[in-house]
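# Structural overview for review
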Amino acid sequence: MTPSPEALAPPAASWWSKHQISVVPWLFLLPALLMFGVYVIGPIFQSIALSFYDWDGLGTPKYIGLGNYIELSGDEDFYVALKNNVIWFFGFLLAIPAGLGLALLLNQKVFGIRLAKSLFFFPFVISQVVIGLVFSWFYDPTNGLLLHVMGFFGMEPIAILSDDTLVTYGIVVAGLYPQIAYCMILYLTGLNNLRPDLIEAARLEGAKGWTMLWKIVLPQLRPATFIAVVVTVVGSLRSFDMVSIMTQGGPFGQSRVLAYYMYEKALSEYGYRMGYGTAIATVLFLLMLVYIIFVLRRVYKQEQESD
């Protein structure tokens with residue numbers, strides 16, 4: 001008996017066999033996405049929701065709508081903290097060219113260069129608390145190293161951490177110390193991955209010095225520069241530990257940044273205003289979100305260009 005055409009036809013492919021390639025990656029990502037949603041995305045929306053309440057952290061929250069944000073718009077201390085974050089932003093960007101310069105200096109094949117690299121790398125591995133304490137001693141107007149250096153040049157001592165016009169710049173310099181080391185590491189890694197054929201071809205064409213740097217080296221260091229900019233900008237916006245260790249927001253609140261001001265209002269003995277603190281945190285989050293969206297768009301465009 002001749003079998004029917006239906007019996008001779010190959011079995012229909014199952015849904016799993018059709019979509020396996022597209023589904024399997026998401027199955028591997030699912031645990032991480034769940035953790036990210038529960039511990040990152042969820043708290044973000046909870047914080048935003050809490051910013052519409054007046055709450056001391058213990059009692060019953062009282063809904064006040066945009067009351068915290070209206071108060072924030074007239075809060076002079078908030079604008080001081082925001083201004084200091086802007087100073088941190090532009091000051092921290094100096095770490096990128098400084099790190100590049102150190103990387104170019106240390107990317108030499110001479111005796112003892114590994115020891116020099118280790119010494120420049122050292123600030124990155126030690127605690128931010130230690131760096132803050134060391135710079136506090138350095139700025140000490142009674143017996144700090146800066147006092148003796150200025151005295152050597154016949155200058156009067158300056159109490160940087162007590163001067164409301166200089167204190168933020170002094171803390172930024174302390175924060176730059178490990179940030180420069182981090183940018184240096186990124187650029188050293190990039191310099192080790194340069195294409196030797198392009199370097200050799202440029203030398204045969206007579207390129208050297210600044211021409212070699214701008215036309216051949218820096219274009220190949222774009223990935224390292226991109227990462228350095230991202231990490232540096234995010235670090236400037238979330239600055240907290242240096243301010244806490246060196247000045248605790250003083251003198252007279254002139255060294256506060258948004259993260260530290262949020263802590264003062266929400267969790268310290270000066271506030272216990274969780275709703276107001278989360279309103280400050282929401283503003284800081286929105287500032288970071290604008291930058292994160294810019295970064296993601298840049299990464300997406302680079303992936304399209306590489307494809």
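Quick caveat, the model's predicted, so the values are computed rather than measured. (Residues numbered from 1 in each chain as written. Predicted model: local features only at pLDDT ≥ 70, side-chain atom pairs only at ≥ 80, totals over all residues. Heavy atoms only, no water.)

## Overview of the packing of aromatic side chains
Put simply, the test is: Each Phe, Tyr or Trp ring, with Trp reduced to its six-membered ring, pairs with another whose centre is within 6.5 Å; inter-plane angles below 30 degrees give stacked pairs, above 60 give edge-to-face pairs, and intermediate values give tilted ones. Put simply, DSSP marks the helices as runs of H or I at least four residues long and the strands as runs of E at least two long, and each gets a number from the N terminus on. Only protein chains enter the accessibility calculation, which uses a 1.4 Å probe; a residue whose area is less than 20% of its type maximum is buried, one above 50% is exposed, and one in between is partly exposed. Comment: the charge-over-ring label is applied if NZ (Lys) or CZ (Arg) is within 6 Å of the ring centre and within 35 degrees of the ring normal.
Applying the stated criterion across every chain yields a total of 15 aromatic pairs. Ring geometry for Trp210 against Trp214: centres 6.5 Å apart, planes inclined by 25°, an arrangement best described as stacked. In this pair, Trp210 and Trp214 are both assigned in helix H11 (residues 210-220), four residues apart and thus about one turn of the helix distant. For Trp210, a relative accessible area of 62% gives the class exposed. Through pairs of rings, three or more aromatic residues link up here, namely Phe135, Phe138, Tyr139 and Tyr177. The ring of Tyr276 carries the charged tip of Arg273 above its face, separated from the ring centre by 4.4 Å.

## Details of the pattern of salt bridges
Basically, it comes down to this: Criterion for a salt bridge: a side-chain nitrogen of Lys or Arg within 4 Å of a carboxyl oxygen of Asp or Glu.
Counted under the stated rule, the structure contains four salt bridges. Residue Glu71 is joined to Arg273 by a salt bridge in which the shortest nitrogen-to-oxygen separation is 2.9 Å. Of this pair, Glu71 sits in helix H3 (residues 67-73) while Arg273 sits in the loop between helix H14 (258-267) and helix H15 (274-306); the two residues are 202 residues apart in sequence, bridging distant segments of the chain. Assessed through its relative accessible area of 36%, Glu71 is described here as partly exposed. Here the salt bridges do not stand alone but share partners, grouping Asp77, Arg256 and Glu264 into one network.

## Description of the environment of Ser162
Inspection of the secondary structure assignment puts Ser162 in the loop between helix H8 (145-152) and helix H9 (167-192). Among the residues examined, Ser162 registers a relative accessible area of 56% and is labelled exposed. Distance from Ser162 to Phe252, taken between C-alpha atoms, is 9.3 Å for residues 90 residues apart in sequence.

## A closer look at the nonpolar core
What counts is decided by this rule: Grouping buried Ala, Val, Leu, Ile, Met, Phe, Trp, Tyr and Cys residues that are joined through side-chain atoms within 4.5 Å yields what is termed a nonpolar core. We call two residues in contact when some of their heavy atoms are within 4.5 Å.
One finds Trp88, Ile171, Val217, Leu221 and Met246 to be the most contacted residues of the largest nonpolar core, which totals 45 residues. The biggest single contributor to this core is H9, with twelve residues. Apart from the residues within four sequence positions on either side, Trp88 is in contact with Thr168, Ile171, Val172, Ser236, Ser239, Met242, Val243 and Val257. One finds Ala81, Leu237, Tyr276 and Ile280 within the second-largest nonpolar core, a separate group that totals 16 residues.

## Section: the packing of helix H4 (residues 76-92) against H9
Quick note on the threshold: Structural elements are reduced to axes, namely lines fitted to C-alpha atoms, with helices fitted over the stretch in contact, and the angle between N-to-C directions of any two is expressed from 0 to 180 degrees. When describing relative orientation, an angle under 35 degrees is termed roughly parallel and one over 145 degrees roughly antiparallel, while 65 to 115 degrees is termed roughly perpendicular and anything else oblique. Left-handed describes a crossing whose near helix is turned anticlockwise from the far helix by less than a right angle; the clockwise case is right-handed. Ten residues, namely Ala, Val, Leu, Ile, Met, Phe, Trp, Tyr, Cys and Pro, are considered nonpolar, four, namely Asp, Glu, Lys and Arg, are considered charged, and the remaining ones, Gly among them, are considered polar.
Two elements in contact, H4 and H9, have axes whose closest approach is 10 Å; the angle formed by their N-to-C orientations is 40°. If you check the angle between H4 and H9, you find them oblique. Considering only the axes of H4 and H9, their crossing is right-handed. Touching Asn84, Ile87, Trp88, Gly91 and Phe92 of H4 are Thr168, Tyr169, Ile171, Val172, Gly175, Leu176 and Gln179, all from H9. Within the contact of H4 with H9, the residues separate by chemical class into seven nonpolar, five polar and no charged.

## Concerning unusual backbone geometry
Look at the link from Gly250 to Pro251: it is a cis peptide, with omega at -5°. Phi at Gln248 takes a positive value of approximately 55°, unusual for a residue other than glycine. By the element assignment, Gln248 lies in the loop between helix H13 (241-246) and H14. A positive phi is found at Phe252, a non-glycine position, where the angle reads about 55°. For Phe252, a relative accessible area of 77% gives the class exposed.

## A look at the packing of helix H7 (residues 128-139) against H9
When two helices pack together, their arrangement is given by the angle between the helix axes and the distance between those axes. One way to put it is that H7 packs onto H9 with a least axis distance of 10 Å and a crossing angle of 135°. When the axis of H7 is compared with that of H9, the two are oblique. Note on packing geometry: the crossing formed by H7 with H9 is right-handed. Residues Gln128, Ile131, Phe135 and Tyr139 of H7 form the contact with H9, whose own contacting residues are Gly170, Val173, Ala174, Tyr177 and Pro178. Broken down by class, the residue content of the contact of H7 with H9 amounts to seven nonpolar, two polar and no charged.

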